[in-house]
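Inside the fold
As a plain string of letters, each chain reads:
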Amino acid sequence: MKLENFQWDHDADGIVTLTWDMKGRPVNLLSMSAVADLGQVAETLAKDVTIKGLVITSAKDGNFCAGADLEEMAVYAGKPSAESVKAAFDLMMNVHKTFRKLETSGKPVAAALNGTALGGGLETALSCHYRVAVDDARSQFGFPEGQVGLIPGAGGTQRVPRLIGAMGALPFMLESRRIGAAEAAGMGLIHKVVPQAELIADAKAWVKANKSAGQPWDNRDFRIPGGGPFSTSGAQVFTVGNAMLRQKTYDNYPAQRAIMSCVYEGLLVDIDNGLKIEARYFVKMLMNPVSRNMIRTLFLSMQELGKGARRPQTEAPVDVKRLGVLGAGLMGAGIAYVSASAGIDVTLIDTTQERADSGKDHAAKLLDKQIARGKATPEEKVEILSHITATTEYAALKYVDLILEAVFEDRDVKAGVIGKADAVIGDRAVFGSNTSTLPISGLAETSTRPESFVGIHFFSPVERMGLVEIILGKKTAPRALAAAIDFTRKIKKTPIVVNDSRGFYTSRCFGTYTQEGLRMVAEGIVPPLVENAGRMAGMPMGPLEVLDSVGVDTALKITRAARKEVFKSETPDETEALMASLVEDAQRPGTKAGKGFYDYDERGKAARLWPEFLARKKNWRTDAEVQELITRLLVIQALEAARCFEEGVITDPRDADVGAILGWGFAPYTGGPISYIDTMGAKAFVALCERLSAAYGPRFAPNALLKDMAANGDNFYRRFGAKSAA
Ligand code: NAD
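These numbers come from a predicted model, not from an experiment. (Residues numbered from 1 in each chain as written. Predicted model: local features only at pLDDT ≥ 70, side-chain atom pairs only at ≥ 80, totals over all residues. Heavy atoms only, no water.)

Focus on the overall build of the chain
When helices and strands are counted, the chain shows 30 helices and 20 strands. In terms of overall dimensions, the chain is globule-like: its C-alpha atoms have a radius of gyration of 28 Å, near the 27 Å expected for 726 residues. When the backbone C-alpha atoms are referred to their principal axes, the chain occupies close to 85 × 65 × 55 Å. In the chain, which comprises 726 residues, the proportion classed as buried is 56%. Intrachain contacts of the chain at a sequence separation of at least 6 include 73% that bridge at least 24 residues. With the model as given, the accessible surface of the chain reaches about 30000 Å², and the carbon-plus-sulfur share is 54%. (Helix = DSSP H or I, 4+ residues; strand = E, 2+ residues; numbered from the N terminus. Rg over C-alpha atoms; globule rule 2.2 N^0.38 Å. Buried < 20%, exposed > 50% of the residue type's maximum accessible area, 1.4 Å probe, protein only. Contact = heavy atoms within 4.5 Å. Areas by Shrake-Rupley, 256 points an atom, 1.4 Å probe, with all protein chains shown as cover.)

See below:
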């Protein structure tokens, strides 16, 4: 027997230890070749009388198996030809056949989980009769498939509910929850948690003590825990589950619906037919553009950008060991915290020692929260805080590799700190600005080294948001870009690279969403309908709630500045007037004040739309088609992204799609605004824009690039040449 991915060790007791160790990878994947190996193993296990049982474990540090090989799956994704449907179905049925062989050989099979088992990794373990996991806080167990538009396809939707019941299985799979070993044991997914040193011994002892073994579902008396779909409790689970699913996803995510169907339909039949049902749904999801787009953006592109795909390869790595942060407010403190957590020494500067200290204190509070959640230790807190020096002294910046300014959004204030820092930092230091609106090329001119100046735009709250938008000024040199990307990767965030423009890429496109929502309200469409349309479109919040959270006052300031500086107009339009009436007449600037378009409760949660705002108008329009509102809200953002391509603000579809989903929560099921257009097709998108333009105004007019692509049957991923092209 020749195994590609496993080591085989047959001991004196007749127990085989199979150690998973995929070549050239830091983690194991359930690839086609791993399945082929397991097929041979299952065959030999059944036939060879000298083998008494099997223990499957892994040689990778902290990892049993990270899941299926998505790159292999992506080959079929979104291409529903008869051949690819058949090939994908056969592939999944082969996995089922292999796992069934493993669990029905009659001989005991134990999984010794030395670390994380996700997706196909957890499904491999579930095909074993016994699961023991190492006691390691790093370990994660779960099914992430739903996050890329797929379903657990290696038996997860059938084995998990048969093991723990549909009530526990459904939310676990639908929400792609990741849990630790203790919780997995509590749920009944694994049998035991032991210290590292006892792992293999425990698995072997179990094999020895269980000369023959089978799965509960192969037992003739098997009953589904908690009852099947037609039992009283089962009926409740599925009725309530369906309603909750609809409420949470608005049915934008076909995979979540398919998981529900697999569990429901699968529990009505035996395991073998259940697995066949799962394979059919899996292939159906794989052929759906939703999974193709989600896999591409949220897995492949994110991985490529995370590895530095946009980094100028000519530049040597820039290891930021010392960072200077100017401004210890909301953003500066957050940046200091994530940087110190990555082991970077941070000098945090503000105008007074008190303010600088309060920035450091913010980091301490975030760490306290982590400790309370069991995600950090008090020792780690001391260690991380020791990396932050809060001061008012610019001299302390002398040896920094990178500066990040996050002072007030005011050109003169920024110019002041840039000048002061410039005077002390070394020649090789790179200067980054976290400005949200001021052009980078202009700010760079206030520095003595515009070629070392680059925009490094974070999102709030810094510790939670995974994106950093890097903005190139006219003179930004490749080394400054390389430094910005290397720094972003060091703090474990995903960098996208854009060119300088008003609002850069993310704020500019995102602004069209709130603006369109305001226009709808100005048209007299009843606000709750507008808010619901936003959420139904797949956005995390309705346009008015987002405005509140950004600050209606901030949005008003930006709108006013754009009107005066770009449109050279003295007359505010209706949407600006709406914001001004809220901020200036009613003193309701948004969430931070507990009042904006919404009233907020003490925890800062939106309690209700402000009744007086609703009472301003007697004859709100309730007749608007919600689907039309959803279309307007998505198209206006996608169109702006297309304009950013035409103007060269953005140049790579991966940046555009990843930036949109991570940066402002653009409907993830679309795979991003560019995937949204490509999936519809440029021709259909242009026709849609023309219809909307005639109905609602020229802001919907398609640009020349889109028209050209429509005429040539082209798409963005092809034309703008991302590696993971469709
Ligand atoms: P903030 O008001 O919370 O913090 C600004 C800090 O800068 C304050 O602590 C202030 O004391 C300090 N400061 C002002 N002048 C200074 C000077 N001369 N020297 C040193 N420190 C000085 O503001 P923020 O929300 O953290 O925003 C900071 C920057 O980040 C702005 O450019 C903003 O546009 C940008 N930004 C903000 C967000 C956001 O959501 N808040 C998101 C992305 C980018």
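As for the site of the ligand
Lining the immediate environment of the ligand, one finds 22 residues, of which Asp 350, Arg 355, Glu 409, Lys 414 and Ser 436 sit closest. Taking Leu 330, its main chain carries an N or O atom lying 3.0 Å from an oxygen atom of the ligand. Here Asp 350 contributes a side-chain N or O atom positioned 2.6 Å from an oxygen atom of the ligand. Protein coverage of the free-state accessible area of the ligand, which is 840 Å², stands at 78%. When residues of the shell around the ligand are assigned to their parent elements, the largest contribution, three residues, is made by helix α16 (residues 411-422). (Near = heavy atom within 4 Å. Polar contact = N/O pair within 3.5 Å; in protein donor to acceptor, adjacent residues only side chain to side chain.)

What to know about the sheet that holds strand β7 (residues 130-134)
Pairing in this open sheet of six strands is mixed, and the strands run β1-β2-β3-β5-β7-β10 from one edge to the other. Each end of this open sheet is capped by a strand with a single partner; those strands are β1 (6-10) and β10 (192-194). Pairwise comparison of adjacent strand axes, ignoring direction, gives a mean angle of 20 degrees for this sheet. As judged from the five bridges shared by β1 and strand β2 (residues 15-20), these two strands associate in the antiparallel manner. Of the residues in β2, the one forming a bridge with Asp 9 is Thr 17. (Pairing = 2+ DSSP bridges. Axes fitted to C-alpha atoms, helices over the stretch in contact; angles between N-to-C directions.)

Some details on the packing of helix α25 (residues 626-646) against helix α27 (residues 673-680)
At a minimum axis distance of 8 Å, the contact between α25 and α27 shows a crossing angle of 100 degrees. As summarised for this structure, α25 and α27 are arranged roughly perpendicular, according to the angle between their axes. Facing α25, whose interface residues are Leu 634, Val 635, Ala 638, Ala 641, Ala 642 and Phe 645, α27 presents Pro 673, Ile 674, Tyr 676 and Ile 677. (Parallel < 35°, antiparallel > 145°, perpendicular 65-115°, else oblique.)

Digging into the domain arrangement of the chain
By convention, interface size is frequently given as the accessible area that disappears when the constituent parts associate. Domain boundaries in the chain define domain 1 (6-287), domain 2 (322-502), domain 3 (507-614) and domain 4 (626-720). For domain 1 and domain 2, the distance between their C-alpha centroids amounts to 43 Å. (Domains from an automatic or database assignment.)

Focus: a positive patch on the surface
A surface patch of positive charge is lined by Lys 369, Arg 373, Lys 375 and Arg 464. Structurally, the position occupied by Lys 375 is in the loop between α14 (353-372) and α15 (378-385). (Patch = residues over 30% accessible without salt bridge, like charges linked within 9 Å, V, L, I, M, F, W, Y side chains within 5 Å. Salt bridge = Lys/Arg side-chain N within 4 Å of Asp/Glu carboxyl O. Lys, Arg positive; Asp, Glu negative; His and termini not counted. Charge placed at Lys NZ, Arg CZ, Asp CG, Glu CD.)

So, the pairing of strand β15 (residues 430-433)
Side chains Val 430 and Gly 432 project from β15 onto one buried face, and the interleaved Phe 431 and Ser 433 project onto a second face that is buried too. With four bridges connecting them, strand β14 (residues 402-405) and β15 associate as parallel partners. Considered in β15, the bridge of Ile 403 is made with Phe 431. Viewed along the sheet, the connection from β14 through α16 into β15 turns out right-handed. Across three bridges, the pairing between β15 and strand β16 (residues 453-457) is parallel. Among the inter-strand pairings, Ser 433 is bridged to a residue of β16, identified as Gly 455. (Right-handed = clockwise from strand over helix to strand, strands pointing away.)

Points about the sheet that holds strand β6 (residues 116-118)
Note on sheets: strands pair through backbone hydrogen bonds, and any given pair is parallel or antiparallel. In space, the four strands of this open sheet follow the order β4-β6-β8-β9, with mixed pairing throughout. Where the open sheet ends on each side, the last strands, each with one partner, are β4 (63-65) and β9 (178-179). Taken together, the two bridges between β4 and β6 define a ladder with parallel strand orientation. Paired with Asn 63 across the bridge in β6 is Thr 116.

Some words on a nonpolar patch on the surface
Together, Phe 230, Leu 268 and Val 269 make up a nonpolar patch on the protein surface, roughly 300 Å² of accessible area in all. With respect to the helices and strands, the residue Leu 268 is situated in the loop between α10 (254-266) and α11 (271-287).

Here we look at the pattern of salt bridges
Close approach of charged atoms allows side chains with opposite charge to pair. Applying the stated criterion across every chain, the model contains 51 salt bridges. One salt bridge connects Glu 4 with Lys 2, and the closest N-O pair in it is separated by 3.8 Å. Glu 4 gets classed as partly exposed once you look at its relative accessible area, which sits at 41%. For Lys 2, a relative accessible area of 62% puts it in the exposed group. One salt bridge in this structure joins Asp 319 and Lys 321, with 3.7 Å as the shortest N-O distance.

Details of the pairing of strand β20 (residues 606-609)
Pairing analysis gives three bridges linking strand β19 (residues 598-600) to β20, with the strands arranged antiparallel. Bridge pairing links Tyr 598 to Leu 609 in β20.

Observations concerning helix α13 (residues 330-341)
Look at α13: 17 Å from first C-alpha to last across twelve residues, which is about the 16 Å you get at 1.5 Å a residue. Across the twelve residues of α13, ten count as buried, placing the element largely inside the fold. Buried within α13 we find Met 331, Gly 332, Ala 333, Gly 334, Ile 335, Ala 336, Tyr 337, Val 338, Ser 339 and Ala 340. A positive backbone phi angle near 85 degrees is found at Gly 343, which sits one or two residues after α13. (Expected span 1.5 Å × (residues − 1).)

Some details on the state of the cysteines
A covalent bond between the sulfur atoms of two cysteines is what we call a disulfide. This structure, assessed with the given rule, holds zero disulfides. Not engaged in a disulfide, the cysteine Cys 65 finds its nearest cysteine sulfur in Cys 128; these two sulfurs lie 12 Å apart. Among the residues examined, Cys 65 registers a relative accessible area of 0% and is labelled buried. Counting only cysteine sulfurs, Cys 509 is the nearest neighbor of Cys 644, a cysteine outside any disulfide, at a range of 4.1 Å. We classify Cys 644 as buried; its relative accessible area is 0%. (Disulfide = S-S within 2.5 Å.)

Focus: the environment of Asp 422
Locating Asp 422 in the fold gives a position in helix α16. The sequence separation of Asp 422 and Lys 398 amounts to 24 residues, and the corresponding C-alpha distance is 9.6 Å. Beyond its immediate stretch of four places on either side in the chain, Asp 422 contacts Phe 431, Ser 447, Thr 448 and Arg 449.

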